Structure formats: structure tokens, C-alpha cells
Amino acid sequence: MIEVLVTLVVVAFGLLGLAGLQTRLQTSEMESYQRSQALLLLNDMANRMAINRNSAAAYVTTAASPLGAGMTCPTTTTSVVQRDLREWCNALQGTGETTDSGVTKVGAMIGGRGCVERDDDDDDDYLVTVAWQGLTPIAAPPASVACGANNYNGTAGSSCVNDRCRRTVTTLVRIANLEDDD
């Protein structure tokens, strides 16, 4: 009888371990999904800027006025830049997939925001950043990546403080200056 009880205790601890592992796997899977979505949206804007390089400066949104979650997307679509910014903003908000008869947007990262900033040292370089809400705290992104800074902190007592739940991906878009300097 004692052997059966010991076996039940061992099996119970094993099952609790498996339940914890499953929870961590689901969190990791969601983090991975969000990162892949962010990379797709990052590359989307980088490609749009490279294609429309003569108007690259018009894509600048700055970290203070990002596009995406919680923002009103541009409505004007008279130029290619305006159309690109509107589509990118909608994609960051998750319009690609909706629930509730198209009301709730769920197709992107949690709280996705996008920024296009001009490099201070080189007018032909643009830093494109996508920021979003992570599920668990890790190290905060570098201070040089300002997009979404302090927008993903939790409430008092939360483990999401000091930008530890903010996730970012960035890329540098370099627009060649093909003018002749002679």
C-alpha cells in the first residue's frame, strides 16, 4: 500500500512538472509568433521605403508619434507614402485577422507600434522599428531604441516594469544618394 502511495506522489509531481512545461511552451510559442509577425511588418516597411526611395524622408514618424496600437491611422491616401503609412498602421493594429464579425483586430502583435526615425549622423539612413508587448519580463531593449519606450509597463506590482516587457526589432534602411557631386 505504501508503494502505491509513493508511486502516486511521484506521478503527481511528474504531471505537475508537465503542466508547468506546457505553460512555458505556450508562452514561448506566443512570443515566437509575435516576433515573426514583427519581423514581417518590419521588412514590409523597409521594402516600401526602398521602393519609394525618392520620398523616404516622408515616411519618418519618430518615436514620439508611432503608428499602430492606440493610434488613429492616417486616412489620406493621395500619395504612395500616405497609402503605405496607412497600410502599415492597419497591419500593426492587426487588421489582417479579426474576430467578432470584424470588430476586434487580432492579426498582429499585442500593442504593436511602428516607428521610422532618421539617423542624426547620416541623412540617408533610417531606423525602422516595431515594438510590442511581451508576455514575460526579460531585459529591456537598449535605450537607443526609443520606439514604444515606457508604453509597455504593467500596473503597480507587475513584473513588467522598466520596459522589461517591451520587445523590439529594428532594421536600418540606407537610401543611396545617386546625385552627382561634381
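Residues numbered from 1 in each chain as written. Predicted model: local features only at pLDDT ≥ 70, side-chain atom pairs only at ≥ 80, totals over all residues. Heavy atoms only, no water.

Novice: How do you make sense of helix H1 (residues 2-51) when you look at a structure like this?
Specialist: In an α-helix, one full turn covers 3.6 residues, which means residues spaced three or four apart are oriented alike. Over its 50 residues, H1 runs 73 Å from end to end, which matches the ideal 74 Å to within 8%, given 1.5 Å per residue. Among all positions in H1, only Glu31, Gln34, Gln37, Ala38, Leu41, Leu42, Met45, Ala46, Arg48 and Met49 are buried. (Helix = DSSP H or I, 4+ residues; strand = E, 2+ residues; numbered from the N terminus. Expected span 1.5 Å × (residues − 1). Buried < 20%, exposed > 50% of the residue type's maximum accessible area, 1.4 Å probe, protein only.)

Novice: Would you take a moment to explain the pairing of strand E5 (residues 125-133) for this structure?
Specialist: On a regular strand, one side chain projects to one face of the sheet and the next to the other, so that they alternate. Burial of E5 is extensive: eight of the nine residues sit out of reach of the surface. Examined bridge by bridge, strand E4 (residues 113-118) and E5 share six bridges and lie antiparallel to one another. Pairing of Val116 across the sheet is with Val128, part of E5. The sheet contact formed by E5 and strand E6 (residues 166-174) spans nine bridges and is antiparallel. (Pairing = 2+ DSSP bridges.)

Novice: Before we go on, may I ask you to explain the pattern of salt bridges in this structure?
Specialist: Once the charged atoms of two side chains with opposite charge are near each other, the side chains can pair. Following the criterion strictly, the structure yields six salt bridges and no others. The closest approach of N and O atoms between Arg174 and Asp125, which form a salt bridge, is 2.8 Å. With Arg174 in strand E6 and Asp125 in strand E5, this pair connects stretches of sequence that are 49 residues apart. The network of salt bridges with common partners includes Asp44, Arg48, Asp84 and Glu87. (Salt bridge = Lys/Arg side-chain N within 4 Å of Asp/Glu carboxyl O.)

Novice: Teacher, can you tell me more about a nonpolar patch on the surface here?
Specialist: Side chains of Val11, Leu15, Leu18, Leu21 and Leu25 sit close together on the surface and give an oily, nonpolar patch of about 480 Å² of accessible area. By the element assignment, Leu15 lies in helix H1. A relative accessible area of 54% places Leu15 in the exposed class. (Patch = residues over 30% accessible without salt bridge, like charges linked within 9 Å, V, L, I, M, F, W, Y side chains within 5 Å. Areas by Shrake-Rupley, 256 points an atom, 1.4 Å probe, with all protein chains shown as cover.)

Novice: Honestly, the packing of H1 against helix H2 (residues 80-93) in this entry has me stumped. Any pointers?
Specialist: Think of two packed helices as two axes; the pair is described by the angle between the axes and how far apart they sit. For the pair H1 and H2, interaxial distance at closest approach is 11 Å and the crossing angle is 180°. On the basis of the axis angle, H1 is roughly antiparallel to H2. Between H1 and H2, the contacting residues are Leu41, Asp44, Met45 and Arg48 on the first element and Asp84, Leu85, Glu87, Trp88, Ala91 and Leu92 on the second. Of the residues contributing to the contact of H1 with H2, the split by class is six nonpolar, no polar and four charged. (Axes fitted to C-alpha atoms, helices over the stretch in contact; angles between N-to-C directions. Parallel < 35°, antiparallel > 145°, perpendicular 65-115°, else oblique. Contact = heavy atoms within 4.5 Å. Nonpolar A, V, L, I, M, F, W, Y, C, P; charged D, E, K, R; others polar.)

Novice: It is not clear to me how the side chain of Arg167 should be interpreted in this structure. Could you clarify?
Specialist: Assignment of secondary structure puts Arg167 in strand E6. At 3.2 Å, the side chain of Arg167 forms a polar contact with the backbone oxygen of Arg164. Here Cys165 takes part through its backbone oxygen, which lies 3.5 Å from a polar atom of the side chain of Arg167. If near-sequence neighbours (up to four positions away) are discounted, Arg167 is found in contact with Glu31, Arg35, Val130, Ala131, Trp132, Gly134, Leu135, Thr136 and Ile138. (Polar contact = N/O pair within 3.5 Å; in protein donor to acceptor, adjacent residues only side chain to side chain.)

Novice: Just checking my understanding: could you explain the state of the cysteines for this structure?
Specialist: A covalent bond between the sulfur atoms of two cysteines is what we call a disulfide. Under the defined criterion, the tally for this structure stands at three disulfides. The disulfide bridge from Cys73 ends at Cys89, spanning 2.1 Å between sulfur atoms. Judged by the torsion about the S-S bond (-80°), the Cys73/Cys89 disulfide is left-handed. Taken together, the residues span a long stretch of sequence, with Cys73 in the loop between strand E1 (67-68) and H2 and Cys89 in helix H2 at a distance of 16 residues. Note on accessibility: Cys73 and Cys89 belong to one class, buried. Note on cysteine connectivity: Cys115 is disulfide-linked to Cys147, with sulfurs 2.1 Å apart. (Disulfide = S-S within 2.5 Å.)

Novice: So what exactly am I meant to see when it comes to the sheet that holds E6 here?
Specialist: Pairing between the strands of a sheet is mediated by backbone hydrogen bonds and can be parallel or antiparallel. An order of E1-E4-E5-E6 is seen for the four strands of this open sheet, with the pairing classed as antiparallel. If you trace the sheet from one side to the other, it starts and ends with E1 and E6, each paired once.

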